[in-house]
Amino acid sequence: MRKLILVAFAVLCAFSAFAKVNVVVTIVPQKFFVEKIAGDKANISVMVPAGSSPHSYEPKPKQMTELSKANIYFSIGETSEHVWLDKFKSMNKKMLIADTTAAIEKIEMAEHHHHDEEAEHDHEHEGEAHEKDPHVWLDPILVMKQAKVIADSLSAADRANAAFYTANYNKFVKELTELDKTIANTLKKAIVRKFMVFHPSWGYFAKRYKLEQISVEIEGKAPKAQELTELIKTAKAQKLKVIFAQPQFSMKDVKTIADETGAKVVVINPLAENWAESLLNTAKTIAGN
Ligand code: ZN
């Protein structure tokens, strides 16, 4: 009997040693990154479901329950995150909140402005700061920095497996290096260096590969009639064969531009589950433009 109790105790201890780290991330691509580093040693829940926009998301009550059990929250610096992160902190004081973008210098939102000089001046006088571009997960080189934060935080929360996380991190960095090379090579063939997309998620991607992103959205809103006419003119002048839409946003304006110019609508998902494949497919589509 005593032996049996000892065995049961040993099993329990072994189980707790293999208990998974409970991780919460904001968006789906971050799940891809954490899986690369944590393997099966983490339970990962994603705050913003695949079809929703992270810029205007509010967590569901069930998600708040998950958060109360979390060990680590990996934030990505989304504007809507700030609203709920404070709430999370008070709910779960032991949870580590790691900002995966801490070491990243954010760029200005690349938007299609139609202000003339004077309007731009007025705009500044209103005191509206230009929003920094939050889409840091669409550049493989910047993802290396995010992966480093993920690896370090997992190692801190689960010291027993630190070497495992570090090894996976190193492997992932190699994969990212390869992906970056493949994308760069794919885009070498691109004659048209401009691409038009509804929501300007691809600013860091464009910067990395020397492309120019033209946003259909103007300052976060659907274009007005006059702006739409301008976009159609631009698409015609650039001879764009595809106009990109995203599943999280309306297709209406993209369809209008495509219809008027004879371009094709292609849906690209900045929040895809298979992050690497999605990035490469985007590069291939731009190269074939
Ligand atoms: Zn976005």
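You'll find the structure just up there.
All values derive from a computational prediction rather than experimental measurement.

Cut-offs used in this document
- Residues numbered from 1 in each chain as written.
- Predicted model: local features only at pLDDT ≥ 70, side-chain atom pairs only at ≥ 80, totals over all residues.
- Heavy atoms only, no water.
- Axes fitted to C-alpha atoms, helices over the stretch in contact; angles between N-to-C directions.
- Helix = DSSP H or I, 4+ residues; strand = E, 2+ residues; numbered from the N terminus.
- Parallel < 35°, antiparallel > 145°, perpendicular 65-115°, else oblique.
- Left-handed = near helix turned anticlockwise from the far one by under 90°.
- Contact = heavy atoms within 4.5 Å.
- Donors = N, O, S within 2.8 Å, 3.2 Å for Na, K, Ca; no water.
- Buried < 20%, exposed > 50% of the residue type's maximum accessible area, 1.4 Å probe, protein only.
- Pairing = 2+ DSSP bridges.
- Right-handed = clockwise from strand over helix to strand, strands pointing away.

Caption draft 1: Quick look at the packing of helix α7 (residues 162-188) against helix α11 (residues 275-287). α11 packs onto α7 with a crossing angle of 15° between their chain directions and a minimal axis gap of 8 Å. In terms of axis orientation, α7 runs roughly parallel to α11. As α7 packs across α11, the resulting crossing turns out to be right-handed. Residues Leu176, Leu179, Thr182, Ile183, Thr186 and Leu187 of α7 pack against Trp275, Ala276, Leu279, Leu280, Ala283, Lys284, Ile286 and Ala287 of α11.

Caption draft 2: Inspection of the coordination of the zinc ion at higher detail. Within the first shell, the zinc ion binds the protein through His55 (NE2), His135 (NE2) and His199 (NE2), at distances of 1.9 to 2.1 Å. On the primary sequence, the residues serving as donors to the zinc ion are separated as H-x79-H-x63-H. Here His199 lies in the loop between β5 (194-197) and α8 (203-208) and His55 lies in the loop between β2 (42-46) and α3 (61-68), a separation of 144 residues in the sequence. Residue classification places His55 among the partly exposed positions, given a relative accessible area of 24%.

Caption draft 3: The pairing of β5, seen in detail. Pairing analysis gives four bridges linking β5 to strand β6 (residues 212-215), with the strands arranged parallel. When the sheet's bridge partners are listed, Val197 is paired in β6 with Ser215. Between the parallel elements β5 and β6, the chain passes through α8 in a crossover that is right-handed. Bridge count between β5 and strand β7 (residues 242-245): two bridges; the pairing is parallel. Paired with Met196 across the two strands is Ile243, which belongs to β7.

Caption draft 4: How the structure looks around the sheet that holds strand β1 (residues 21-25). Strand order in the open sheet formed by four strands is β2-β1-β3-β4, and the pairing between neighbours is parallel. Whereas interior strands pair on both sides, the edge strands pair on one side only; in this sheet they are β2 and β4 (96-99). The mean inter-strand angle of the sheet, taken between neighbouring strand axes irrespective of direction, is 25°. Bridge count for strand β3 (residues 72-75) against β4 is four bridges, and the pairing is parallel. When the sheet's bridge partners are listed, Tyr73 is paired in β4 with Ile97. The sheet contacts of helix α2 (residues 28-38) involve β1, β2 and β3, and relative to β2 the element is tilted by about 175°.

Caption draft 5: Examining the sheet that holds β6 more closely. An order of β6-β5-β7-β8 is seen for the four strands of this open sheet, with the pairing classed as parallel. Across the chains shown, the open sheet's two edge strands, defined by having one partner strand only, are β6 and β8 (264-267). Here the strands of the sheet are splayed against their neighbours by 35° on average, with no regard to which way each runs. Along the sheet, helix α10 (residues 252-261) contacts β5, β7 and β8; its crossing angle with β7, the most-contacted strand, is approximately 175°.

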